[in-house]
Amino acid sequence: MKFWRKPLDLDKITVPHGEVHIFKDRCKGCAFCVEYCPKDVLDMSEEFNIKGYHPPYVKNPDDCLECHLCEMLCPEFAIFVTLKEEEKSAKVPINKGEK
Amino acid sequence: MEEPTKAIKEIHPDPSATSGVHPMENLLRMERMPHIWCPTCGIGLAVTAFTAALTKANIDTNKMSIVSGIGCTGRVAGYVKLDSFHTTHGRPIAFGTGIRVANPGIKVVVFSGDGDLIAIGGNHFIHAARRNIDMLVICVNNFIYAMTGGQVAPTTPLAAYATTSPYGCVEPPFNIPYIADSAGAVYVARWTTLHVRRLTNSITEALQKTGFSVVEVISPCGMYYSRINRLGDGLDMMRFYHDNVEIRNGEDTKNLDIGFQTKIICGKFVDRERPSYMERYNQWLSEVKGARGEG
Amino acid sequence: MKADPKGVLTGSHNLSGNQACAEGALAAGCRFLGLYPIMPALEVSERFLERAPRVGATFIQMEDEISALAAVLGASWTGKRSMTVTSGPGLSLMMEHLGLGVMLETPCVIIDIQSVGPGLGLPTRAAQGDIMQSRWGSHGDYEIVVFAPSSPQEMFDYVIKAFNLSERYRIPVAVMSDAYLARLQENVVIPPAEEIDIEPRRYFKGETDKYLPFKRDKDFVPPMVKIGDGYRFHVTGLTHDDRGYPIMNEECQEYNVHPLVKKIRDYTDEIIEVQETGIDDAEVVIISYGTTARAALKAMEQARSAGIKVGSLKLATVWPFPEKRIFELAKKVKAFIVPEMNFGQLVFEVERCSIGKANVLFISHGEKGVENIDDILSAIRQTQQMNEVKKCIIELKKGV
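Residues numbered from 1 in each chain as written. Chains lettered and ligands numbered in written order. Predicted model: local features only at pLDDT ≥ 70, side-chain atom pairs only at ≥ 80, totals over all residues. Heavy atoms only, no water.

Student: Hey, could you run me through the overall build of chain C in this one?
Tutor: Within chain C, the regular secondary structure consists of 13 helices and 17 strands. For 400 residues, the compact-globule estimate of 2.2 N^0.38 gives 21 Å, and chain C sits close to it at 21 Å. Oriented by its inertia axes, the alpha-carbon framework of chain C measures out at about 70 × 50 × 40 Å. Evaluated residue by residue, chain C yields a buried proportion of 62% over its 400 residues. Put simply, of all contacts in chain C between residues at least 6 apart along the chain, 76% involve residues at least 24 apart. Just so you have it, chain C exposes about 15100 Å², and 52% of that area is on carbon and sulfur atoms. Both charge centroids of chain C, one from 45 positive and one from 53 negative side chains, sit 3 Å from each other. (Helix = DSSP H or I, 4+ residues; strand = E, 2+ residues; numbered from the N terminus. Rg over C-alpha atoms; globule rule 2.2 N^0.38 Å. Buried < 20%, exposed > 50% of the residue type's maximum accessible area, 1.4 Å probe, protein only. Contact = heavy atoms within 4.5 Å. Areas by Shrake-Rupley, 256 points an atom, 1.4 Å probe, with all protein chains shown as cover. Lys, Arg positive; Asp, Glu negative; His and termini not counted. Charge placed at Lys NZ, Arg CZ, Asp CG, Glu CD.)

Dropping the structure here:
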């Protein structure tokens, strides 16, 4: 991760990683989640769901920061985010591997 | 091209199989999903914000009742898992007033649309605000009567088209926060469906208030308002909100008129204290009982 | 269940019809009044409001009659017995929520102090012009129960019965008074609380996730729950299934609305109440309800002393209509006389039930006031000259 200014408490901050869950068959293809994901984790898929819409799929699973914006912006209650399992036990420092 | 049904079967061997439980499912009637709202409609977002706020506000949801009127937003009561009532057109505030006055232990939420609350229910709206009935009103404003197919509403901006204003709307629209403020509401805020986090915070705050609180939610109507006015779909409306919303907390509610595709001012405008109806009523009651020596 | 003694003003009192109505409501356990001021119904609210703090009842004056009944329906779902008071023009506005009350199966009582219509009419004078509206006013199919008392004592008794029936069948029940009865002062005997029977609301007792708001018992009446008890129920004014969820098809319409009608029609024998005087040997029967029954009884006495065999059938419940009884009588008697303070409403029901077997004479009773019994007497004399059954209602010509 690149910083404009190096934060003083950089060692203490950890970036959470989320896991996106999509109920594909609830989706009506509005694309709100794809449009407003700040990390471009999601994209519209080519496949059809049971209602004939294109649901989103997780394009960049590692980029998800567990911000829950897609969950809040879904009018169909079809998407939600959880904290990744391994991170619940040990949070990874933000500057992992960049020093 | 491959047959769609076959493709679906390949991708989803069991359509009912889902990965986990959505965190809002305990507050929603999932057996009724999918809901009736069109793709790119914003009412679902207002419900999402409301359910998120219920979790956040940490209040006893058993002691809550949600009342809706008629219209697209009128269906909200049927999807939220509280003691919910789907009542007549324009009268949810009156119905909720009865609930609140008869049992002051119940927190009443009225969730309805602009046509329902401001047109046919306008009188109940201003009188409930005047009395300061302890009630949260969430008014989803999509600028149009959508359930009946896109007729002109009291919130339709001047010059906007609707099926009953084929030459452009000639009536100036209502400014909902201004009505609520001048009639005496204690909490007035306006957000668009794009501002889900701020909307959630506002609803959470309003749920804690004692008195008549109004949260207006500007929502896209991709199927009627945007289509008739050639504004794209709901996603284009969300992009429009992104570019044209100005957040001005504490702005004088006089300045909140919405024109056709003009700047929309959002924010929390009013947050004040006023004795609610039940507070005044109980005070009067204890005075009467004291005067009569009945303790 | 017996009445709550807090609301019962036991003793003998000189009360007007309206005051007796408020006392009856409080005795019946009514603890919520949603009102909108209208003459001549206001004394009911005033009496209720004056007594409310002592009894522990709440009230609210709403912005119109529409919201008054809406608030009453909301209050009823919190478990309180609720009512509203109005007059003709107000009843017209309430029709919207009368229909909602029927569809949500919400117990409540509507007191209608009838004044003269249509439109603004004569707001301070009495009439019986709302009788058909009380039955058919809201759109769609439904059945409701309507009482028509004729004295302050009956007002007190029937308001209690109205509350009991509304809880028993989960319906809105109307009590139709009029501007005469509203102001008529008579002695009213209010019994002790332990002598007043109260029908308790039927509550669902099972687990919270097992409750279905419209799952009917054998008598088509579903048990209720209160808001705030954790059942998280949904009810809608749309055609719905047992869960209270809207279902948009004809089968569900049949499934939902037919029981609304059946729960009253199958129990009409339990509901209908008539008072019969001198019917056994009668050749002519006066069918009356409400205030006109007072004149009818007096006319009957005078005719009997003149040697004419006249009986009186006084309808305590106007709706459901006592069809069977009138059909039985039509086979025996020569004629029915129906005095009403309108230009003919319930007389058509009498004609329908007499099926051409007896003459039906209608008296538009109102021009000279209900205390004037000359019209009824001349109608009785006219029936004496009738030999054949006419196929239509005979409207009494003035001065015959």
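Student: Where do I start with the interface of chain B and chain C in this structure?
Tutor: With 44 residues of chain B in contact, the opposing surface of chain C contributes 42 residues. Of the roughly 3500 Å² buried at the junction of chain B and chain C (both faces included), carbon and sulfur atoms supply 56%. The tally of links from chain B across to chain C stands at 2 salt bridges. For B:Arg91, the salt bridge identified is with C:Glu96, shortest N-O distance 3.2 Å. Our enumeration of links across chain B and chain C arrives at 24 residue pairs in polar contact (both at pLDDT 80 or more). Every element with two or more residues in the side of chain B that touches chain C is listed here: strand E2 (83–86), helix H3 (92–102), helix H5 (122–131) and helix H10 (277–291) of chain B. (Buried area = accessible area lost by both parts, 1.4 Å probe. Salt bridge = Lys/Arg side-chain N within 4 Å of Asp/Glu carboxyl O. Polar contact = N/O pair within 3.5 Å; in protein donor to acceptor, adjacent residues only side chain to side chain.)

Student: I'm lost on the domain arrangement of chain C in this one. Help?
Tutor: Quite often, the size of an interface is put as the accessible area lost when its parts meet. Residue and element names in this part refer to chain C. Examined at the domain level, chain C breaks down into domain 1 (11–195) and domain 2 (274–399). Here domain 1 and domain 2 have C-alpha centroids that lie 28 Å from each other. At the interface, 25 residues of domain 1 touch 22 residues of domain 2. Both faces considered, domain 1 and domain 2 share a buried interface measuring about 1900 Å² in area, 54% of it formed by carbon and sulfur atoms. Area buried by domain 1 at its contact with domain 2 is led by Gln128, Met132 and Tyr180, which between them contribute 33% of it. Taken together, domain 1 and domain 2 are joined by 2 salt bridges. (Domains from an automatic or database assignment.)

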